[in-house]
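Per-entry structural report
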Amino acid sequence: MATTDRDYYELLGVQRNANDADIKRAFRRLARELHPDVSEAPDADEQFREVVEAYEVLSNTETRDLYDRYGHAGLRSGGFQPGHVDFGSLADLFSAFFGDDILLGGRGRSGRTRGADLAATVEIELVEAAQGVARDVPFEVAATCTRCGGNGAEPGTEIAACPTCDGTGRLQQVTRSVFGEFVRTQTCPTCSGSGRRIEQPCTECRGAGRVVEERALAIDIPPGIHHGQRIRLSGEGHAGLPGGRAGDVYVEVRIRPDERFVREGDDVFTTIDLTFTQAALGATLPIPTLDGEEELELPPGTQPGQIVVLDGRGMPVLHGRGRGDQRILVNVLVPRRLTDEQRRLLREFEEHADAATYGKSEGFFDKLKSAFR
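Here is a short report on the structure shown in this document. Once a new chain begins, its residue numbering starts again from 1 and follows that chain's sequence as written. In keeping with the predicted nature of the model, local features appear solely for residues at pLDDT of at least 70, side-chain atom pairs appear and are counted solely at 80 or more, and the whole-chain, interface and lining totals rest on all residues. Think of the side-chain values as coming from all heavy atoms in the structure, minus any hydrogens and water.

Let us now look at unusual backbone geometry. Residue arginine 206 is not a glycine yet carries a positive backbone phi of 60 degrees. Numbering of helices and strands starts at the N terminus; helices are DSSP runs of H or I of at least 4 residues and strands are runs of E of at least 2. For arginine 206, the location among the structural elements is in the loop between β6 (196-198) and β7 (210-221). For arginine 206, a relative accessible area of 76% gives the class exposed. Throughout this description, buried means an accessible area under 20% of the type-specific maximum (1.4 Å probe, protein chains only), exposed means over 50%, and partly exposed covers the range between.

Right, let's get into the sheet that holds strand β1 (residues 118-124). Each strand in a sheet pairs with another by means of backbone hydrogen bonds, the pair being arranged parallel or else antiparallel. Two strands qualify as a pair provided that DSSP identifies no fewer than 2 bridges between them. Taken together, three strands build an open sheet; the order of strands is β1-β9-β8 and the sheet is mixed. The open sheet has two edge strands with one neighbour each: β1 and β8 (230-233). Mean inter-strand twist for the sheet, computed between neighbouring axes without regard to direction, equals 25 degrees. As judged from the seven bridges shared by β1 and strand β9 (residues 249-255), these two strands associate in the parallel manner. Each residue of the ladder has a partner; that of leucine 118, found in β9, is valine 249. The convention used is that axes are lines fitted to C-alpha atoms, helices contributing only their stretch in contact, and that angles between N-to-C directions extend from 0 to 180 degrees.

Considering the arrangement of structural elements, one finds threonine 284 in strand β12 (residues 283-289). For the pair threonine 284 and proline 299, spaced 15 residues apart in the sequence, the C-alpha separation amounts to 8.6 Å. What makes two residues a contact is simply this: any of their non-hydrogen atoms within 4.5 Å. Look past the residues within four positions of threonine 284 in its chain and what remains in contact with it is Glu295, Leu296 and Glu297.

What counts as a disulfide here is a pair of cysteine sulfur atoms lying within 2.5 Å. For the structure shown, the criterion picks out zero disulfides. For the unlinked cysteine cysteine 148, the closest cysteine sulfur is that of cysteine 205, found at 3.7 Å.

In terms of burial, β9 is largely enclosed, as five of its seven residues are buried. Of the pairings in the sheet, the one linking β8 to β9 comprises four bridges and is antiparallel in character. Across the sheet, arginine 232 pairs through a bridge with tyrosine 250, a residue of β9.

Structure representation (C-alpha cells):
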C-alpha cells in the first residue's frame, strides 16, 4: 500500500497538538463511518486505508515526531512503511472496543471468527541488518485441533443449535422510547456467539477447538531494515473458530547497539583517533566498515573534527536501490604527559612555526556544513 500525501492531522480531523486520547477518539469515530462493511461510498476502502495509515503514524510517538519534523519525506527516509490493513482483523478490534453490535455484529458474515494476531520479536546485529539475514522465530500459537477439526466436538457426536439464540449467536434487545425503537445486539452468553451447543466436547481440546502449540518460523529479514520495524507473516497466527482463517504474526525486529557505529537513517557514523603527529604528517589506519575492516589513508594536515565520507558504504536503502554513506569523525589526541625532552622539542617546533605552517583555520559553521554533505 502506498502512503498518502494528505495531511494526517487533517485526515483524522484533529489539531496538531492533539493528545493520544484525542487521536484515538477521532480514529474510532471515523472507523465507524468509513469501514467498508458499513459505508456505502464507492471509495470507502481507500478512505478507510488513509485513516488507518494516519492513525498508525500519529499513535506512535517515534513516527509522529518524525512526521511533525520532516513530513511525509521524513517518514519515507526513515524507512516507514504503512502496515497491511486487514478489514476482518479490524472488525474484531472494533468489536472489542465498541461492543458486538458494531460492524459485523461480533462475527464474520460467514459466521466464522478470524483468529487473533500475535506478536514476536527477534534481535539482530547492525551488520546483519545491513546484509540481510534469516532467523528462526519461536512462539506459541493456538492451532486447530486435529482430532475434532476445530469444531470442538468429539468425532461422531452431534452439534446442536444453541437454544438461547436459536443458532444465531446473537441476542437482540428492543427498547422503546418517545424517540422510537432502539435495537441493541449482543453476543449470546450461552454459546459465546458460536450459535452451537456441543453435546460431547472433544477429549483433545476439551471443546475449545484449538490447542496450544510451539512453533518456529523462518523469516527473511531484508537488508536495510530499521530498528522497531515489523515483518508480517500472513495466516501464521492463532487459528480461527469454527474453521475461520488464522490470524497473522507480526515480528518486530530489534537491532542491537553497535559500539563502532551510530546509525542515522541510511548513514552510519564512526570515529577514528589520531595522534597529533599522525594528524600533522598523515597516516594510514584501519577503520571498521559494515563490510569489514579497511585501510583509510589520511593526508598530512588532517584537522580535528574533520569528516571523512566513504560514499555508498552505509546501510542499504530498504526496498530501494543504493546505500547510504559512512561518515568518519576525526578525533586528534593531544598528549597529557610529556617528558622534558618532548617539551623541548615542541617548544623548538613552535619557535620555527609561523602562520603558513598551520594554514587557515576552518570555521565552526564550515565544519558543521561538511558533516551533512
